[in-house]
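Breakdown of the fold
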Amino acid sequence: MIEVNRKGEVWVFAEQEAGHLSEVPLELLSKGRELADQLGVPLAAVLVGSKVRPLCATLAQHGADLIYLAEDGVLTHYQTASYTRVVCDLITAYKPQICLFGATAIGRDLAPTVASAMKCGLTADCTDLQIGDHTDPQTKEHIAKLLLQIRPAFGGNIIATIVNPHRWPQMATVREGVMRMTVAEAGRTGKTIKFPVNLAGLDLPTEVVESQRRAKKVNLKGARIIVAGGAGVGSRDAFRLIWDLANILGGAVGGSRAAVDLGYVDHDHQVGQTGTTVRPALYICCGVSGAVQHRAGMQESAKILAINIDKDAPIFGVAHYGIVGDLNEVIPRMIKSIRSGASLSDAVTGASKA
Amino acid sequence: MGYSCVVCVKQVPDTKRITGQAMKEDGTVNRAALPAIFNPEDLNALEAALRVRDQHGGTVTVIAMGLPAACDVLRDSLFRGADRAILITDRRAAASDTLATSYILSCAIRKLTPDLVFCGRQAIDGDTAQVGPQLAEKLGYTLVTYLEELELDGRTARVKRNIGNGYERVRSRLPALFTVMETANHPRPPALLKVMKAKKARAPVEIAKAVDGALGASATAEAKAAETAHRCAEMQARKLLITQWNLDDIEADLGWCGGAGSPTKVHRIQSIVLAGGDYKEFPPTEAGIASLIGELIQDHTIG
Ligand SMILES: Cc1cc2nc3c(=O)[nH]c(=O)nc-3n(C[C@H](O)[C@H](O)[C@H](O)COP(=O)(O)OP(=O)(O)OC[C@H]3O[C@@H](n4cnc5c(N)ncnc54)[C@H](O)[C@@H]3O)c2cc1C
């Protein structure tokens with residue numbers, strides 16, 4: 001644990017594998033930039049590995065003012081013990097106020113271990129991060145400018161906002177695709193600070209014998225938002241609409257078995273009894289009738305939005321939101337509406353007047 | 001020689017059946033209002049431990065921290081083949097976040113000095129996947145997350161880990177803590193003979209409650225305490241007493257337990273429960289769609 005340090009920086013753990021940055025740290029830098037600006041402190045990336053210096057430029061272009069570079073041959077592969085030691089040493093040395101990690105296989109191994117070692121709080125899988133004030137309900141103590149860590153809980157049935165008022169750093173993990181990545185700024189540079197790695201006396205308890213990674217296929221189980229298409233989409237070409245909507249929402253693409261059988265989308269994407277069972281925060285199904293075998297794989301989603309031309313389609317029986325209409329008109333309108341985020345508040349007030 | 005195994009199991013509210021009434025004013029969960037189940041991946045953790053014992057010998061001890069009702073998952077564990085069950089229950093442990101929970105569990109597990117600790121990868125109520133790694137850190141055990149296959153050879157564990165976009169095979173030194181994936185195994189069902197035997201297993205807190213009911217309001221506290229002690233001894237002799245520890249029994253520092261030991265605090269809770277079936281309809285017009293998108297952004301579902 002470190003004391004509350006109002007001058008502390010905002011940190012993003014720059015997860016990399018074999019010298020390649022995943023998208024999460026870049027997404028986190030975009031969010032981190034906002035938070036750091038609101039707090040008036042620098043944004044830093046923490047880059048741990050071996051021969052990873054070339055990544056510093058990318059991190060700067062995505063918003064990092066500072067890059068803490070911790071390089072050592074021992075750090076070639078991610079290992080809980082070695083990475084925890086380095087990250088904890090960095091936190092102790094520089095006392096950041098916020099540390100963000102991707103909620104990846106590595107991030108969900110490293111962040112809790114670091115939080116335990118530092119005896120500070122950690123909020124998993126945040127879907128939004130804001131700066132705001134907090135008043136303790138018991139002591140009435142008012143604390144300004146804390147990190148508000150917003151996350152769904154209970155299978156997506158509630159949204160909790162968590163704060164970490166006293167024992168810093170304020171730590172959170174965020175899933176891939178949740179924060180929107182801003183475009184890299186070509187000329188932007190940052191300052192690299194080389195951190196002396198000290199792993200003396202560390203006898204690594206684990207040895208990686210084999211590591212197999214396949215090119216990223218669809219990860220329906222981990223997706224927070226899924227846009228699924230059914231036979232009603234009509235063709236493989238028209239399925240482009242489903243991909244477009246999923247992309248703009250940072251979600252994954254799913255399909256009914258009919259859509260798979262018709263060749264609109266690959267079997268990897270099938271949701272249902274003989275496909276993948278999913279429980280995302282939001283499941284949008286377009287042109288899916290809602291056969292029981294399909295419902296079995298998606299009805300536990302926190303929110304279901306059904307778009308179907310047939311008002312009696314069974315899918316509406318499990319939906320929370322419904323649009324009765326032609327998906328070829330509805331989806332482009334949704335994409336347009338999401339793009340024009342600015343007009344949203346009008347839309348909301350407009351709707352409440354209507 | 002065999003391995004001594006500890007499995008951490010949790011009783012969780014069945015998140016599939018949550019309604020808005022399940023939340024209390026202060027933002028914590030009213031667990032009493034929900035059906036409670038065995039956290040699914042903890043069953044996989046239990047199965048992994050039982051297989052180690054079947055293959056190499058040793059013991060499997062299950063630990064649950066929570067309200068006395070958590071005895072249900074402990075009994076269920078006994079039905080499936082666990083050798084011993086321990087309940088950690090203490091009012092002062094209420095409102096523990098993952099850091100405080102892992103601290104309390106570490107104090108209990110330290111008393112048992114197992115070779116192997118198994119946790120489910122995550123619990124379906126919080127989905128944080130934090131307690132396993134934090135418990136390993138506190139115990140100083142080797143952490144191996146996302147276990148799918150396990151082979152033991154002396155003081156070395158060979159594990160296949162599911163890392164999402166592939167797998168990794170590692171060799172880790174014992175003592176170790178594993179977090180177990182749903183894909184690791186198929187949990188065995190309760191065995192009839194074990195159910196017949198262990199269905200009467202009770203923790204002291206449950207026995208005290210039964211005595212309270214049986215002796216009624218007229219009996220003195222002393223009489224009740226004496227009767228409870230008597231029944232506990234009897235259960236102990238029949239090997240049906242579930243071990244019960246409070247924070248003093250495990251020598252926990254209260255400053256690291258419960259609300260005091262939890263750095264994270266709830267700032268706000270919003271319920272977003274909607275009943276399926278009576279869905280909210282939006283017209284397929286531009287305005288209708290814009291108001292739907294606005295609503296989804298406002299409640300942080302998208303955006
Ligand atoms: C053993 C078994 C296992 C199965 N497993 C699975 C499984 O895992 N997953 C699965 O999905 N299915 C599974 N099925 C198949 C399932 O029974 C259904 O046949 C299938 O889900 C139907 O897919 P669909 O809804 O896309 O197609 P359809 O039932 O043909 O529905 C198409 C829908 O699109 C709507 N529509 C048409 N045009 C438009 C438009 N322009 N705009 C909007 N809406 C439009 C229609 O009104 C209709 O409701 C299984 C079946 C069996 C027997």
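Residues numbered from 1 in each chain as written. Chains lettered and ligands numbered in written order. Predicted model: local features only at pLDDT ≥ 70, side-chain atom pairs only at ≥ 80, totals over all residues. Heavy atoms only, no water.

**Observations regarding the overall build of chain A**
Keep this limit in mind: Put simply, DSSP marks the helices as runs of H or I at least four residues long and the strands as runs of E at least two long, and each gets a number from the N terminus on. With C-alpha atoms as the basis for the radius of gyration, the globule rule is written as 2.2 Å multiplied by the number of residues raised to the power 0.38. In this analysis, two residues are considered to be in contact whenever any of their non-hydrogen atoms come within 4.5 Å of each other.
Within chain A one finds nine helices and 18 strands. On C-alpha atoms alone, chain A measures out to a radius of gyration of 22 Å, which is about the 20 Å that the 2.2 N^0.38 rule sets for 354 residues. Along the longest, intermediate and shortest principal axes, the C-alpha atoms of chain A span 65 × 55 × 40 Å. When contacts within chain A are restricted to residue pairs at least 6 apart in sequence, long-range pairs at least 24 apart make up 63% of them.

**Observations concerning the interface of chain B and chain A**
For clarity, the cut-off: Joining two parts hides part of their accessible area as seen by a 1.4 Å probe, and the buried area is that hidden amount summed over both. Any Lys or Arg side-chain nitrogen found within 4 Å of a carboxyl oxygen on Asp or Glu counts as a salt bridge.
Every contact between the two is made by 79 residues of chain B and, on the other side, 84 residues of chain A. When chain B packs against chain A, the two sides together hide about 7,000 Å² of surface, and 57% of this comes from carbon and sulfur. If you sort the residues of chain B by the area they bury against chain A, His267(B), Tyr279(B) and His300(B) come out on top, with a joint share of 9%. One can count seven salt bridges joining chain B with chain A.

**Focus on the packing of helix α6 (residues 204-215) of chain B against helix α7 (residues 221-237) of chain B**
Residues and elements named next belong to chain B. We count it as follows: Each axis is a line fitted through C-alpha atoms, taken for helices only over the stretch in contact, and angles between the N-to-C directions span 0 to 180 degrees. Should an angle lie under 35 degrees it is considered roughly parallel, over 145 roughly antiparallel, and from 65 to 115 roughly perpendicular; all remaining angles are considered oblique. What makes a crossing left-handed is the near helix being turned counterclockwise from the far one by less than a right angle; a clockwise turn instead makes it right-handed. All amino acids are sorted into three groups, where Ala, Val, Leu, Ile, Met, Phe, Trp, Tyr, Cys and Pro are nonpolar, Asp, Glu, Lys and Arg are charged, and the leftover types, Gly among them, are polar.
Packing of α6 against α7 brings their axes to within 9 Å, and their N-to-C directions diverge by 130°. Considered as vectors, α6 and α7 are oriented oblique to each other. Relative to α7, the crossing made by α6 is right-handed. When α6 is examined against α7, the residues Pro204, Ile207, Ala208, Ala210, Val211, Asp212, Ala214 and Leu215 are found in contact with a partner set consisting of Ala223, Lys224, Glu227, Thr228, Arg231, Cys232 and Met235. Here the residues of the contact of α6 with α7 are counted per class, giving ten nonpolar, one polar and four charged.

**Topic: the site of the ligand**
Residues and elements named next belong to chain A. Here is the rule: We call a residue near a molecule or strand when any one of its heavy atoms sits within 4 Å of it. N or O atoms within 3.5 Å of each other form a polar contact, as long as, within protein, one can give a hydrogen and the other can take it, and as long as residues adjacent in sequence are counted only when both atoms are side-chain atoms. The method behind every accessible area is Shrake-Rupley, applied with a 1.4 Å probe, and residues are considered shielded solely by the protein chains displayed.
In the vicinity of the ligand there are 25 residues, among which Ala231, Ser256, Thr274, Ser289 and Asn308 approach most closely. Between Ser256 and the ligand, the recorded distance is 2.5 Å, taken from a side-chain N or O atom to an oxygen atom. A distance of 2.7 Å separates an oxygen atom of the ligand from a polar side-chain atom of Asn308. For the ligand, the protein covers 72% of the area, taking 990 Å² as the surface of the free molecule. Listed by contribution, the elements that provide at least two residues to the shell around the ligand are α6 (257-261), α7 (292-295) and α8 (327-339). Here the residues of the shell around the ligand sort into seven nonpolar, 15 polar and three charged.

**Thoughts on the sheet that holds strand β13 (residues 206-213) of chain A**
Condition: For two strands to count as paired, DSSP must find a minimum of two bridges between them.
Pairing is mixed in the open sheet, where ten strands are placed in the order β13(A)-β9(B)-β8(B)-β7(B)-β10(B)-β6(B)-β1(B)-β4(B)-β5(B)-β11(B). The open sheet terminates on both sides in strands that have one partner only, identified here as β13 of chain A together with β11 (243-245) of chain B. Each strand axis lies, on average, 30° off the axis of its neighbour in the sheet, ignoring direction. Bridge count for strand β5 (residues 84-88) of chain B against β11(B) is three bridges, and the pairing is parallel. Bridged to Ile88(B) within β11(B) is Trp245(B). Packed on one face of the sheet, helix α1 (residues 40-56) of chain B meets β1 (3-9), β4 (58-65), β6 (116-120), β7 (142-153) and β10 (176-180) of chain B and runs near 170° to β1(B). Against the sheet, helix α3 (residues 98-110) of chain B touches β1, β4, β5, β6 and β11 of chain B, its axis set at about 145° to β4(B).

**Overview of the nonpolar core**
Which entries qualify depends on this criterion: Here, nonpolar core refers to any group of buried Ala, Val, Leu, Ile, Met, Phe, Trp, Tyr and Cys residues whose side-chain atoms link them within 4.5 Å. Throughout this description, buried means an accessible area under 20% of the type-specific maximum (1.4 Å probe, protein chains only), exposed means over 50%, and partly exposed covers the range between.
Core analysis: the largest hydrophobic core is formed by 47 residues, its most contacted members being Val7(B), Leu116(B), Phe118(B) and Phe178(B). By residue number, the principal contributor to this core is α1(B), which donates seven residues. Once residues within four sequence positions are removed from consideration, Val7(B) is found in contact with Asp42(B), Ala45(B), Leu46(B), Ala49(B), Val60(B), Thr61(B), Val62(B), Ile63(B) and Phe118(B). Counting residues in each nonpolar core, the second largest holds 37 residues, with Cys88(A), Ile106(A), Ala115(A) and Leu148(A) among its members.

**Quick look at the environment of Gln79(A)**
Residues and elements named next belong to chain A. Locating Gln79 in the fold gives a position in the loop between β5 (66-71) and α3 (80-94). Not counting residues up to four positions away in its chain, the partners in contact with Gln79 are Thr84, Leu204, Thr206, Glu207 and Val208. A distance of 2.9 Å separates a polar side-chain atom of Gln79 from the backbone oxygen of Thr206.

**Some details on the packing of α3(B) against helix α4 (residues 131-139) of chain B**
Residues and elements named next belong to chain B. Between α3 and α4, whose axes approach to 8 Å, the crossing angle comes to 50°. If you check the angle between α3 and α4, you find them oblique. For the crossing formed where α3 meets α4, the hand is right-handed. Across the interface between the two elements, Thr98, Leu99, Thr101, Ser102, Tyr103, Leu105, Ser106, Ile109 and Arg110 from α3 touch Val131, Gln134, Leu135, Lys138 and Leu139 from α4. Here the contact of α3 with α4 is built from residues that sort into seven nonpolar, five polar and two charged.

**A few points about a nonpolar patch on the surface**
Residues and elements named next belong to chain B. Convention followed: Residues enter patches when their relative accessible area tops 30% and they take part in no salt bridge; the joining distance is 9 Å for like charges and 5 Å for the nonpolar side chains Val, Leu, Ile, Met, Phe, Trp and Tyr.
On the surface, a cluster of nonpolar side chains totalling about 380 Å² of accessible area is made up of Leu192, Leu193 and Met196. Relative to the helices and strands, Met196 resides in helix α5 (residues 192-198). On the basis of relative accessible area, Met196 is assigned to the partly exposed category, the value being 49%.

**As for the packing of aromatic side chains**
We count it as follows: Centres within 6.5 Å make a pair out of two Phe, Tyr or Trp rings, where for Trp the six-membered ring is used; the pair is then stacked when the planes are under 30 degrees apart, edge-to-face when over 60, and tilted otherwise. A ring is scored as having a charge over it whenever the NZ atom of a lysine or the CZ atom of an arginine sits within 6 Å of its centre and within 35 degrees of its normal.
Using the criterion set out here, one finds ten aromatic pairs over all chains in the structure. Seen in terms of ring centroids, Tyr68(A) and Tyr94(A) are 4.5 Å apart; in terms of plane orientation they differ by 45°. Their pairing is tilted. Within this pair, whereas Tyr68(A) is found in strand β5, its partner Tyr94(A) is found in helix α3, the two being separated by 26 residues in sequence. Assessed through its relative accessible area of 32%, Tyr94(A) is described here as partly exposed. Their ring planes at 70° and their centres at 5.0 Å tell us that Tyr78(A) and Tyr83(A) sit as a pair that is edge-to-face. Site record: aromatic cluster; members linked through ring pairs are Trp11(A), Tyr68(A), Tyr94(A) and Phe195(A). If you follow Lys119(A) out to its NZ or CZ, it ends over the ring of Trp256(B), 5.9 Å from the centre.

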